[in-house]
Amino acid sequence: MHMAETRTRPAPMMAASLQMVTADMIAAAAKRAEQRIAPLWPLRNFVAVNPYLGLLDYSFETAAELLARRAGARTTAPRAFYAQAIRDGRITDADLASALAEGSPSPGAPATVEALKAFALSNAPEPTFTTLPTVADVAREITGVNWADIVTDSISAWAGAYFDLGQSYWRSPWKPMSAYAAWRAEATYDRTPHIRGAQGFHQALRELPESAMETIIAAVEMLHIPADGLEAYLHRLLLTIHGWAGYARYLRWEAELYGGADHTLTDLLAIRLVWEVALWRSFASRGMAEAWRTRSHELVGDQLDAALQRAIAGDLLLQRAFEKAYQRQLFACLGTPKPVKHATRKRAQAAFCIDVRSEIFRRALETVTDEIETIGFAGFFGFPIEYVPLAETRGGAQCPVLLTPQFVIAESVGGASETEVTAVIEKRALNQRVAKVWRMFKFGPVSCFGFVGPVGLAYVRKLLLDTLGITRPVPHPATFGLDARTRERVKPSLEPRAIGGRTTGMSPEQRVNVAEGALKAMSLTSNFARLVLLAGHGSTTVNNPHATGLDCGACGGHTGEANVRVAVQILNDPAARTGLKARGIVIPDDTVFVAGLHDTTTDDVTIFDKNDIPASHADDLRRLEADLAAAGRLARAERAALLKIDPKGNIDGAVRQRSRDWSQVRPEWGLAGCAAFIAAPRDRTAGAKLDGRSFLHNYDWRQDEGFGVLELIMTAPMIVASWINLQYYGSTVDNRVFGSGNKTLHNVVGTLGVLEGNSGDLRVGLPWQSVHDGERYVHEPMRLHVMIEAPIEAMTAIIARHEQVRQLLDNGWLYLFALDERGKVTHTYAGGLRWEAC
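The sections below set out a description of the structure shown in this document.

Definitions and limits used
- Residues numbered from 1 in each chain as written.
- Predicted model: local features only at pLDDT ≥ 70, side-chain atom pairs only at ≥ 80, totals over all residues.
- Heavy atoms only, no water.
- Buried < 20%, exposed > 50% of the residue type's maximum accessible area, 1.4 Å probe, protein only.
- Helix = DSSP H or I, 4+ residues; strand = E, 2+ residues; numbered from the N terminus.
- Arc of directions from axis to C-beta.
- Contact = heavy atoms within 4.5 Å.
- Core = buried A, V, L, I, M, F, W, Y, C linked by side-chain atoms within 4.5 Å.
- Disulfide = S-S within 2.5 Å.
- Pairing = 2+ DSSP bridges.
- Axes fitted to C-alpha atoms, helices over the stretch in contact; angles between N-to-C directions.
- 1 Å grid on protein atoms, 1.4 Å probe; cavity = no way out; pocket = protein on both sides within 12 Å on 5 of 7 lines; lining within 4 Å.
- Points joined across faces, edges and corners; volume = space filled by probe spheres on them.
- Nonpolar A, V, L, I, M, F, W, Y, C, P; charged D, E, K, R; others polar.
- Phe/Tyr/Trp six-rings, centres within 6.5 Å; stacked < 30°, edge-to-face > 60°.
- Salt bridge = Lys/Arg side-chain N within 4 Å of Asp/Glu carboxyl O.
- Lys, Arg positive; Asp, Glu negative; His and termini not counted.
- Polar contact = N/O pair within 3.5 Å; in protein donor to acceptor, adjacent residues only side chain to side chain.

## Looking at helix α4 (residues 93–101)
By the burial criterion, the buried members of α4 are D95, L96, A99 and L100. Looking straight down α4, one finds that the buried residues subtend no more than 135° of arc, so they occupy a single side. In α4, the exposed positions that point more than 90 degrees away from the buried face belong to A94 and A101. Packed against the buried residues of α4 are α5 (113–121) and α16 (306–334).

Here is the structure:
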């Protein structure tokens with residue numbers, strides 16, 4: 001059978017679905033179902049992802065009903081959360097009225113303030129959702145055995161070995177094959193389904209085609225899936241292996257980003273359907289066919305009953321009211337900016353990532369001194385690079401995952417000859433190989449016993465030092481295989497050269513082009529200070545599978561160190577400055593750019609490449625470092641309350657200790673609390689205590705001829721911020737479906753993800769400990785509030801040009817507001833390219 005063939009069969013005779021089902025229809029439905037799955041990046045470059053990414057073409061309210069039906073998922077917090085907010089006065093009657101004024105998501109939902117408040121404060125039980133049926137669900141009803149969990153566990157166990165990225169020592173012999181072919185080859189020898197009671201498993205496997213898509217078509221035909229239920233059923237199946245489907249979707253995302261294709265997700269869908277057919281056959285004698293025929297009718301329409309629709313609609317109104325309460329407070333805060341003293345020239349300028357954690361530090365730095373201007377910009381600083389570590393031939397993408405790296409930059413050793421660099425590379429490669437061999441000896445299935453006996457006691461001292469936070473359980477990846485002296489000399493090299501068959505570095509013209517774009521994007525084209533600090537950000541933690549998510553939730557789980565060091569090299573280069581001058585950007589001769597890294601766990605700032613800073617600026621640097629240290633103390637003091645650190649104790653020591661504690665499940669709070677994105681001059685928000693909840697992007701539309709920078713902001717940083725916001729949202733409202741559960745139960749599988757316990761699906765999203773402190777939410781679910789100071793006509797034109805932006809806004813996945821020159825909200829985007837005055 002070939003996909004090009006058009007095969008038909010009569011659909012089951014139902015009033016709602018009399019349509020003939022063809023192979024083309026099944027293939028199209030499979031493609032749509034696969035697109036509904038959000039990608040899941042592996043742990044080594046964990047990225048904050050909008051878990052609702054595949055549903056943006058639905059309204060927020062419709063998606064809530066769809067997810068309730070297909071995944072049993074909640075899209076709002078428990079009703080008691082909103083009830084307590086009403087009792088505490090956080091949600092007022094005016095907020096409830098404002099939420100109701102925008103219309104009810106469903107007929108029959110509370111229609112008055114009194115009714116909505118009564119709905120929230122009643123003791124009615126939370127809604128219980130009945131998901132669309134699968135054959136595995138029906139098999140459980142017939143046999144009393146939880147076949148749904150058995151199927152998920154079986155696929156997960158196979159996937160953990162097949163997709164392994166280097167954790168296991170016995171690799172799958174079928175690894176070179178496609179996912180579906182590899183699974184079929186292994187399943188031929190696997191007797192587990194037979195032992196569990198699925199006697200027809202191997203017969204189904206033999207009868208189904210060897211091609212994934214042909215298997216999907218054949219399985220759907222055998223199971224008599226109604227035409228109107230095709231996409232819903234296939235999407236439901238993928239949600240039963242949600243994590244592995246997400247990883248397969250990531251593989252497709254990466255392939256498509258570089259112009260390729262990947263069919264692993266289709267393979268997984270075929271594997272899941274083989275199990276459906278196998279169970280359908282295995283329990284035929286126990287009435288499976290009739291039971292499935294009855295239950296499969298539920299796939300048509302994909303609707304919740306009226307009572308559940310009303311309950312969801314009421315909860316969505318409460319969520320909207322909760323957001324209205326936040327808007328009320330935020331608008332008042334922004335309407336009264338602190339006057340800013342404008343000196344002719346600042347002593348220093350410090351540019352930080354727009355990450356919400358930087359808001360606290362920027363405010364602290366501005367409190368320490370008014371001689372430093374702070375700037376907010378995307379953490380890759382406009383330098384989309386692939387950074388190749390020393391002794392490697394491939395590196396990671398140091399830019400948002402919406403973009404592809406434009407340059408390959410490799411590490412080298414500063415001041416070393418080519419012969420010395422080669423020697424350092426060979427030494428590091430040897431050290432890494434020795435370390436890996438030793439690790440294999442420690443963890444090998446046989447040799448580990450020899451390690452524990454004669455060698456184990458020698459590790460008592462290291463275990464003690466690791467426990468006290470004096471040493472790390474494993475070396476930091478950036479220093480792995482390097483001695484301390486060499487590490488200090490390692491830096492990015494911009495000179496073009498060949499590594500691994502690819503040309504690295506940047507030409508002089510490329511350097512000018514990217515520097516011009518970066519400076520214009522951060523509205524920094526004049527009034528340069530003597531020192532300009534570009535501060536990327538990273539995180540210091542140990543024994544933390546999701547550590548890269550704390551480094552940067554947007555830039556592929558990488559710190560901003562490489563980007564700022566590359567940027568500073570270019571911006572300090574006289575030839576590059578000459579090129580910029582010819583384009584109208586004049587950087588004074590006494591302006592020196594400095595690269596730094598803000599550690600968001602400890603609020604320490606490290607300055608790189610100090611030897612490259614001229615002696616004429618030694619005093620400037622000393623004063624800047626003193627200001628940064630003072631700001632760090634203020635920032636740590638502010639964060640101490642959320643970390644439950646005794647304010648009377650040694651706050652600085654306690655915060656730093658968390659970064660070295662291998663048992664610490666909450667080393668920092670990451671981007672928990674993120675709720676707003678503001679693109680405007682810093683004057684509009686200066687002095688406003690935004691509590692580390694706002695992404696702050698410097699933007700002056702008066703310098704943006706043609707609004708190219710505005711378009712970049714609304715199509716890249718704004719979308720990335722919404723991904724982060726909605727990841728935290730989903731992980732909070734339903735951690736079972738969109739989060740990764742209890743961190744203390746995590747087991748890393750294949751170095752690419754975690755299981756909660758020793759079985760089950762690959763988990764997605766954030767651990768519960770990342771959003772909840774054990775007593776209350778630290779991240780309160782809130783859709784992102786985007787506020788931009790720019791002409792409304794310019795924003796409207798951009799929305800009209802970009803479908804994804806329009807879907808996010810028109811379908812209620814985020815809010816958009818217009819600011820005036822005082823930082824006051826004047827208009828709200830109302831959908832359909834319309835605005836309403838506030």
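Now that the structure is up, let's keep going.
## Some points on the nonpolar core
With 156 residues, the main nonpolar core has W158, W183, Y233, L234, L273, W292 and F695 as its most contacted residues. Among the elements that take part in this core, helix α14 (residues 264–282) stands out by supplying twelve residues, more than any other. W183 has contacts with W158, F201, L205, I271, V274 and W275, leaving out every residue within four places of it along the chain. Among the nonpolar cores identified, the runner-up in size contains 37 residues, and Y387, L494, A518 and A521 belong to it.

## Points about the state of the cysteines
Counted according to the given criterion, the structure contains zero disulfides. With no disulfide of its own, C674 has C353 as its nearest cysteine by sulfur position, at a separation of 13 Å. With relative accessibility at 0%, the residue C674 sits in the buried group.

## Here we look at the sheet that holds strand β8 (residues 490–493)
Sheet strands pair by backbone hydrogen bonding; their relative direction is either parallel or antiparallel. Taking strand neighbours across the sheet as the criterion, the four strands line up as β6-β5-β7-β8 in an open arrangement whose pairing is mixed. The two strands at the open ends of the sheet, each matched to only one other strand, are β6 (396–398) and β8. With direction set aside, neighbouring strand axes in the sheet form an average angle of 35°. Bridge count for strand β5 (residues 385–388) against β6 is three bridges, and the pairing is antiparallel. Across the sheet, residue E386 finds its bridge partner in β6, namely A397.

## Description of the sheet that holds strand β18 (residues 785–788)
The strand order β15-β14-β18-β19-β20-β21 describes an open sheet built from six strands, whose pairing is mixed. At either end of the open sheet lies a strand with only one pairing partner, and these are β15 (694–697) and β21 (834–837). Taking each pair of neighbouring strands and ignoring which way they run, the sheet shows an average axis angle of 25°. Pairing of strand β14 (residues 676–679) with β15 involves four bridges; the strand directions are parallel. By the bridge assignment for β15, A676 is matched with S694.

## Concerning helix α15 (residues 288–296)
All of the buried residues along α15 are M288, W292, R295 and S296. Angular distribution of buried residues about the axis of α15 spans 95°; they occupy a single face of the element. Looking at the buried residues of α15, the elements they touch are α6 (135–143), α12 (230–239) and α14.

## Brief notes about empty space enclosed by the protein
This structure, assessed with the given rule, holds ten cavities of 30 Å³ or more. Taken as a whole, the largest cavity holds about 220 Å³ of empty space. Elements with a minimum of two residues in the lining of the largest cavity: α23 (547–551) and α29 (717–733). Residue composition of the lining of the largest cavity, by class: eleven nonpolar, eight polar and three charged.

## So, the packing of aromatic side chains
Across all of its chains, the model carries 33 aromatic pairs by this definition. Between W158 and Y162, the aromatic rings sit 5.1 Å apart at their centres with planes inclined by 15°, giving stacked as the arrangement. Residue W158 and its partner Y162 are both found in helix α7 (residues 147–162); the two are separated by four residues, about one turn of the helix. Judged by relative accessible area, W158 falls into the buried class, the value being 4%.

## Quick look at unusual backbone geometry
The phi dihedral of A391 is positive, around 80°, even though this residue is not glycine. In this structure, A391 sits in the loop between β5 and β6. A positive phi angle, close to 60°, is found at K644, a residue other than glycine. Position of K644 among the secondary structure elements: in the loop between α26 (618–640) and α27 (651–660). Taking relative accessible area as the criterion, K644 reaches 48% and is therefore assigned partly exposed.

## Considering the pattern of salt bridges
Under the counting rule described, the total for this entry stands at 59 salt bridges. Between E141 and R295 there is a salt bridge whose closest N-O contact spans 2.5 Å. In this pair, E141 is assigned in helix α6 and R295 in helix α15, connecting sequence segments 154 residues apart. With a relative accessible area of 17%, R295 lands in the buried category. A salt bridge links D619 to R622; the nearest nitrogen and oxygen atoms lie 2.6 Å apart. One end of the pair, D619, and the other, R622, are both in helix α26, three residues apart, so they sit about a helical turn from each other. The structure contains a network of salt bridges with shared partners spanning R32, R36, D57, R70 and E231.

## Some words on the environment of E418
Relative to the helices and strands, E418 is located in helix α18 (residues 418–443). Residues E418 and E323 lie 95 residues apart in sequence; the distance between their C-alpha atoms is 59 Å.

## Considerations on the side chain of K346
Relative to the assigned elements, K346 resides in the loop between α16 and β3 (348–353). Look at K346: it is buried, it has no salt bridge, and the nearest opposite charge is D370 at 5.9 Å. Here the side chain of K346 touches D370 through a polar contact of 2.8 Å, landing on its backbone oxygen.

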